[in-house]
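In case you want the letters, here they are:
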Amino acid sequence: RLKAVKRRASALDLTQMVYYHQKEQDALVRCQEKVERHHLPMKVVRAEYNYDGSRLLFFFTAEKRVDFRALVKELARMFQSRIELRQVGVRDEVRLLGGYGLCGRSHCCSTWMSEFRPISIRMAKQQNLPLSPMEISGVCGRLLCCLAYENDFYCEVKERMPRHGSQVQT
């Protein structure tokens, strides 16, 4: 999802943005250390400053709800900015981290996909793919997203193709 445009960025805004973007990795590491010190069952995935450093957003994954109020207070004192923690799912985690899929291209979710459509094992069956979870699962551990956006094409073409085992004369 794209962020709202408030105004045209000035030279100072761009300089600040680059400065704070360089500090994000350090913020991520320091936040991970604090999470371990507080013994919280969460994994911090990414840190993101806004352009002027007044707000710092941490994305994390967790199995259950996490009470991180004490962590937020400590992080606010440490970074001297407004802290926000946002829980994301496993697919969103892959989107944030980026990387490459089985096809050798960048993950669809981190490049062009804007929303996740429901995916079922039935889609793999319709596309005559092996039903082994290892072969049809993405990095996130869920069924490959490409099963959903290729499914309509496979269903349409499959109707026009001859049945399996029938003789074809060309």
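See the structure shown above.
Presented here is a report on the structure given in the accompanying data block. (Residues numbered from 1 in each chain as written. Predicted model: local features only at pLDDT ≥ 70, side-chain atom pairs only at ≥ 80, totals over all residues. Heavy atoms only, no water.)

**Points about the layout of surface pockets**
To keep things clear, this is the line we draw: A cavity here means a set of points on a 1 Å grid, drawn over the protein atoms and nothing else, where a 1.4 Å probe fits but cannot get out; a pocket is an open set with protein on both sides within 12 Å along at least five of seven lines, and a residue lines either one if it has an atom within 4 Å of a point. Grid points are joined across faces, edges and corners, and a volume is the space filled by probe spheres set on the points. Each helix is a run of H or I in the DSSP string that is no shorter than four residues. Each strand is a run of E no shorter than two, and both are numbered from the N terminus. The nonpolar class holds Ala, Val, Leu, Ile, Met, Phe, Trp, Tyr, Cys and Pro. Asp, Glu, Lys and Arg form the charged class, and all remaining residues, Gly among them, are polar.
Of the voids in this model, the second largest pocket is the one considered here, and its volume is about 610 Å³. In terms of lining residues, the second largest pocket is bounded by 33 residues, among which Leu-102, Cys-103, Cys-108, Leu-144 and Cys-146 are the most central. Among the elements that make up the lining of the second largest pocket, the one with the highest residue count is helix H7 (residues 146-160) (5 residues). Residue classes in the lining of the second largest pocket are distributed as 21 nonpolar, 7 polar and 5 charged.

**Topic: the pattern of salt bridges**
Rules: For this document, the term salt bridge refers to a Lys or Arg side-chain nitrogen within 4 Å of an Asp or Glu carboxyl oxygen. Burial here depends on accessible area, computed with a 1.4 Å probe over protein chains only, as a share of the maximum for the residue type. Under 20% is buried, over 50% is exposed, and the range in between is partly exposed.
Tallying each qualifying case throughout the model produces 10 salt bridges. Of the charged contacts in the structure, one is a salt bridge between Asp-67 and Arg-69, with a shortest N-O distance of 2.9 Å. Judged by relative accessible area, Asp-67 falls into the partly exposed class, the value being 48%. According to the relative accessible area criterion, Arg-69 is exposed, its value standing at 60%. With a shortest N-O distance of 4.0 Å, Arg-95 and Asp-92 are connected by a salt bridge. Of this pair, Arg-95 and Asp-92 are both found in helix H3 (residues 90-97), 3 residues apart, which corresponds to roughly one turn of the helix. A residue is classified by how much of its surface remains accessible, and Arg-95, at 24% relative accessible area, is partly exposed. Put simply, Arg-55, Glu-84 and Arg-86 are held in one network by salt bridges that share partners.

**A word on the state of the cysteines**
In plain terms, the rule: In this description, the term disulfide denotes a pair of cysteine sulfurs within 2.5 Å.
Using the criterion set out here, one finds 0 disulfides in the structure. Left unpaired, Cys-140 is separated from the closest cysteine sulfur, that of Cys-145, by 6.1 Å.

**Observations regarding H7**
Selection criterion: By this rule, a helix spans an expected 1.5 Å times one less than how many residues it contains. In what follows, a contact means two residues having at least one pair of non-hydrogen atoms within 4.5 Å.
Look at H7: 22 Å from first C-alpha to last across 15 residues, which is about the 21 Å you get at 1.5 Å a residue. When we look at burial in H7, the residues that qualify are Leu-147, Ala-148, Asn-151 and Val-157. Against helix H5 (121-126) and helix H6 (133-136) lie the buried residues of H7.

**Observations concerning the nonpolar core**
Nonpolar side chains in soluble globular proteins tend to end up buried together. Selection rule: The criterion is simple. A nonpolar core is a set of buried Ala, Val, Leu, Ile, Met, Phe, Trp, Tyr and Cys residues joined through side-chain atoms within 4.5 Å.
Among the nonpolar cores identified, the biggest contains 20 residues, and Met-42, Leu-56, Phe-58, Leu-75, Phe-79 and Leu-85 are the most heavily contacted of them. Counting residues per element, the ones that place at least two in this core are helix H1 (11-37), strand E1 (43-49), strand E2 (55-61), helix H2 (69-79) and strand E3 (82-87). A per-element tally of this core places H1 first, with 5 residues. Among the nonpolar cores identified, the runner-up in size contains 9 residues, and Met-123, Ile-136, Cys-145 and Leu-147 belong to it.

**Observations concerning the environment of Ala-47**
Examined against the element boundaries, Ala-47 turns out to sit in strand E1. Classification of Ala-47 by relative accessible area gives buried; the value is 4%. The spatial distance from the C-alpha of Ala-47 to the C-alpha of Arg-163 is 52 Å, given a sequence separation of 116 residues. Residue contacts for Ala-47: discarding those within four places in its chain leaves Glu-24, Ala-27, Leu-28, Leu-56, Leu-57 and Phe-58.

**Points about the side chain of Gln-127**
Its place among the elements puts Gln-127 in the loop between H5 and H6. For Gln-127, a relative accessible area of 6% corresponds to the buried category. Residues contacting Gln-127, with those up to four places away along its chain left out, are Leu-147, Glu-150, Asn-151 and Tyr-154.

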